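Here is what each chain is made of, one letter per residue.
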Amino acid sequence: MTNKLRYFVANWKMFGHLNSLNSLNKVIKFKKKNKNAKNLKIIYCPPFTLIHPFIQKLKNTTIKTGAQNCSFGSNYGPPTGSINAMMIKSLKCEYVILGHSEKRAKGETDNIINRKIISALQNNLKVIFCIGETFGQRKKKLTKKTLLSQISKGLKKIKNKKNIIIAYEPVWSIGSGMIPKIEDLENTTRIIKLFLSNKMKYKNPKVLYGGSVNQKNVNLLKNITNLDGFLIGGASQNSNIFIDIIKKTFN
Ligand code: PEP
């Protein structure tokens, strides 16, 4: 088994209701029974409404739960409709996705993301920190500059980075069915890892790829040298497909 690919993060986005919990049964069984799956980190990130039910459902398993966003500020406060890291942690939730491009597109700046990451870490959440270039940036050959700037600004003033996983998600690839060329991904993930180790002083950084991962392209994606796993949106909502993707990384 080659499995250096240890992380499989399921981003359910704005999908799912209480009946969706039944679909976890297959993944729970797979994680328990398949010897290759035992050491994997499978992390479900459902919408806020399902975090508590997911934690209940997954409590005697090794599958973890994450939120898809959080506000900054660690106390109770007035921003109506907001949920902060302290509240997420109080549910025994362990992870949070931050910096997702669907949030950046709605005006979330690097500075806001940085404040959210700090707040999440202060509340002992592990962070899945998303970075990615737009199609326009890629065409203008600004991919490297964009990614390194997002990393530096997002991680500003953060010394202990051991609980931060980077998810490289080209914006144009999310939900589009398109993935970068494998040689481009090799190159970009190598640049990200080198920057994290050399400039950001990360020990043993973890980098995931996200953007239209499916049962077909995973056969190509699994061979990328610097990847530690995948952040999977659409394809993670169907347990059979999600399991199939994971299984395809086993050889
Ligand atoms: C995502 O939203 O983080 C994502 C990777 O989505 P998809 O797999 O559907 O492209």
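In case you missed it, the structure is sitting above this.
One structure accompanies this document, and this report is about it. No experiment lies behind these values; they were computed from the predicted model shown. Residues take numbers from 1 onward in each chain, read along the sequence in its written order. Local features in this predicted model are restricted to residues whose pLDDT is 70 or higher, and side-chain atom pairs enter the listing and the counts only when it is 80 or higher, whereas totals over whole chains, interfaces and linings include all residues. Note: side-chain values were computed over all heavy atoms of the structure, leaving out hydrogens and water.

Glancing now at the environment of Pro-47. Secondary structure elements follow DSSP: runs of H or I no shorter than four residues count as helices, runs of E no shorter than two count as strands, and numbering proceeds from the N terminus. With respect to the element layout, Pro-47 can be found in the loop between β2 (41–45) and α2 (51–57). Categorising residues by exposure relies on relative accessible area from a 1.4 Å probe, with only protein chains included: less than 20% of the type maximum marks a residue as buried, more than 50% marks it as exposed, and the intermediate range marks it as partly exposed. Residue class for Pro-47 comes out buried when judged on its relative accessible area of 14%. Sequence-wise, Pro-47 and Met-14 are 33 residues apart; in three dimensions their C-alpha atoms are separated by 6.0 Å. Any two residues whose heavy atoms approach within 4.5 Å at even a single point are treated as in contact. The residues touching Pro-47, leaving out its near neighbours within four places in the chain, are Trp-12, Lys-13, Phe-15 and Gln-68.

Here we take up the packing of helix α7 (residues 143–154) against helix α8 (residues 182–199). The contact between α7 and α8 brings their axes to 11 Å, and the two run at 35°. Here the hand of the crossing between α7 and α8 comes out right-handed. Two secondary-structure elements touch here, α7 through Thr-143, Lys-144, Leu-147, Leu-148, Ile-151 and Ser-152 and α8 through Thr-188, Ile-191, Ile-192, Phe-195 and Leu-196. Looking at the contact of α7 with α8 residue by residue, the class counts come to seven nonpolar, three polar and one charged. Every axis corresponds to a line fitted to the C-alpha atoms, with the helix fit spanning only the stretch in contact, and the corresponding angles, defined between N-to-C directions, vary from 0 to 180 degrees. It is the rotation of the near helix from the far one that decides the hand of a crossing: anticlockwise by less than a right angle makes it left-handed, clockwise makes it right-handed. Residues are grouped as follows: nonpolar covers Ala, Val, Leu, Ile, Met, Phe, Trp, Tyr, Cys and Pro; charged covers Asp, Glu, Lys and Arg; every other residue, Gly included, is treated as polar.

What makes a residue near a molecule or strand is one non-hydrogen atom of that residue sitting within 4 Å of it. Near the ligand lie 13 residues; those nearest to it are Lys-13, Glu-169, Gly-175, Ser-212 and Gly-233. Any pair of nitrogen or oxygen atoms within 3.5 Å is treated as a polar contact; in protein, a donor-acceptor pairing is required on top of that, and neighbouring residues in sequence qualify only through side-chain atoms on both sides. Measuring from an oxygen atom of the ligand, one finds a side-chain N or O atom of Asn-11 at 3.3 Å. Here the residues of the shell around the ligand sort into three nonpolar, eight polar and two charged.

Expected helix span is given by 1.5 Å per residue-to-residue step, counting one fewer step than there are residues. With twelve residues, α7 should reach 16 Å at 1.5 Å per residue; the first-to-last C-alpha distance of 16 Å fits that figure. Considering only its buried residues, α7 is in contact with α4 (101–104), α5 (110–122), β5 (126–131), α6 (135–139), β6 (164–168) and α8.

So, on to the environment of Lys-33. Looking at where Lys-33 falls in the secondary structure, it is placed in helix α1 (residues 24–33). Sequence spacing of Lys-33 and Gly-233 is 200 residues, and the spatial spacing of their C-alpha atoms is 24 Å.

Non-glycine residue Lys-92 carries a positive phi angle of around 70°. The residue Lys-92 is located in the loop between α3 (85–89) and β4 (95–98) in this model. A relative accessible area of 66% means that Lys-92 is categorised as exposed.

Definitions used throughout: a 1 Å grid over protein atoms alone; a cavity as a set of points that fits a 1.4 Å probe which cannot get out; a pocket as an open set with protein on both sides within 12 Å along at least five of seven lines; a lining residue as one with an atom within 4 Å of a point. Grid points are joined across faces, edges and corners, and a volume is the space filled by probe spheres set on the points. Here the structure, examined in full by the defined rule, presents one cavity of 30 Å³ or more. Quantified by volume, the largest cavity comes out at close to 40 Å³. Those elements that place two or more of their residues in the lining of the largest cavity are α4 and β5. The residue inventory of the lining of the largest cavity, partitioned by class, reads three nonpolar, five polar and two charged.

Further remarks concern the packing of α1 against helix α10 (residues 239–248). The interhelical angle for the contact between α1 and α10, taken along N-to-C directions, is 25°, at an axis separation of 8 Å. The pairing of α1 with α10 is recorded here as roughly parallel in orientation. The two elements α1 and α10 cross, and the hand of that crossing is right-handed. Residues Leu-24, Lys-26, Val-27 and Phe-30 of α1 form the contact with α10, whose own contacting residues are Ser-239, Asn-240, Phe-242, Ile-243, Ile-246 and Lys-247. Split by residue class, the contact of α1 with α10 holds six nonpolar, two polar and two charged. To sort the angles, those under 35 degrees are grouped as roughly parallel, those over 145 as roughly antiparallel, those from 65 to 115 as roughly perpendicular, and the leftovers as oblique.

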